[in-house]
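Given next are the chains, with one letter for each unit.
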Amino acid sequence: MHISPEDIEKSVVHPSKPHQHLHSKSGSVGSGRHAEDKDYYHAIVEALNGAQEILVVGPAQAKLQLIKHIHSHDQHMTDKVVGVETIDHPTDAQLVAYARKYFVAKDQMLSPA
């Protein structure tokens, strides 16, 4: 979502591969994890073009994988990421409220007194 004080623009990026749950058997070889979907993370970064500041939120490890991807493959976006927060499956309205509150608090902390 691109969120400004006056407007919200939502876009949805779908993974190029369907999500699957992995089950590993005792003694099997492998990490039990899917390989990183670089095309998906790149599409997310493309959707973030034009953002001045980026807050990455989510319930699990995908947000951290996105940050790793940005550091490895889209370094021009690294300085725009201002926070990474764990939020457990918020609604769109909750997400917007959280982001606005986050950025107000961040701006208050950084503004000279």
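The coordinates are above.
Here is a short report on the structure shown in this document. (Residues numbered from 1 in each chain as written. Predicted model: local features only at pLDDT ≥ 70, side-chain atom pairs only at ≥ 80, totals over all residues. Heavy atoms only, no water.)

## Brief notes about the pattern of salt bridges
Here is the rule: What makes a salt bridge here is a side-chain nitrogen of Lys or Arg within 4 Å of a carboxyl oxygen of Asp or Glu, nothing more. Buried, partly exposed and exposed residues are distinguished by accessible area as a fraction of the type maximum, computed with a 1.4 Å probe on protein chains only: under 20%, between the cut-offs, and over 50%, respectively.
Inspection of the entire model under this criterion finds 3 salt bridges. In this structure, D107 and K106 form a salt bridge, with 3.1 Å as the shortest nitrogen-oxygen distance. Judged by its relative accessible area of 42%, D107 falls in the partly exposed class. For K106, a relative accessible area of 13% puts it in the buried group. Salt bridges sharing partners connect three or more residues here, namely E53, K106 and D107.

## Thoughts on the pairing of strand β3 (residues 54-58)
The test is simple: Numbered from the N terminus, helices here are DSSP runs of H or I no shorter than four residues, and strands are runs of E no shorter than two. The handedness of a crossover follows from its direction of travel: if, with the strands pointing away from the viewer, the path from the first strand over the helix to the second runs clockwise, the crossover is right-handed.
Along β3, 4 of the 5 residues are buried, which leaves the element largely enclosed by surrounding structure. In this region the chain leaves β3, passes through helix α2 (residues 62-73) and returns to the parallel neighbour strand β4 (residues 81-86); the handedness of that crossover is right-handed.

## Structural notes on the environment of Y40
What counts here: Note on contacts: a residue pair qualifies if any of its non-hydrogen atoms lie within 4.5 Å across the two residues.
Relative to the helices and strands, Y40 resides in helix α1 (residues 38-47). Assessed through its relative accessible area of 22%, Y40 is described here as partly exposed. Residues Y40 and P15, spaced 25 residues apart in sequence, show a C-alpha to C-alpha distance of 5.0 Å. The contacts of Y40, once residues within four sequence positions are left out, are V13, H14, P15 and S16.

## Describing the packing of α1 against α2
Which entries qualify depends on this criterion: Here an axis means a line fitted to C-alpha atoms, over the contact stretch when the element is a helix, while the angle between two N-to-C directions is reported on a 0 to 180 degree scale. Note that the term roughly parallel is reserved for angles under 35 degrees, roughly antiparallel for angles over 145, roughly perpendicular for angles of 65 to 115, and oblique for everything else. When residues are grouped by polarity, Ala, Val, Leu, Ile, Met, Phe, Trp, Tyr, Cys and Pro land in nonpolar, Asp, Glu, Lys and Arg in charged, and all others, Gly among them, in polar.
Packing of α1 against α2 brings their axes to within 10 Å, and their N-to-C directions diverge by 80°. Our classification of the angle between α1 and α2 gives roughly perpendicular. Residues K38, Y41, H42, I44 and V45 of α1 form the contact with α2, whose own contacting residues are A62, Q65, L66, H69, I70 and H73. Among the residues forming the contact of α1 with α2, the class breakdown is 6 nonpolar, 4 polar and 1 charged.

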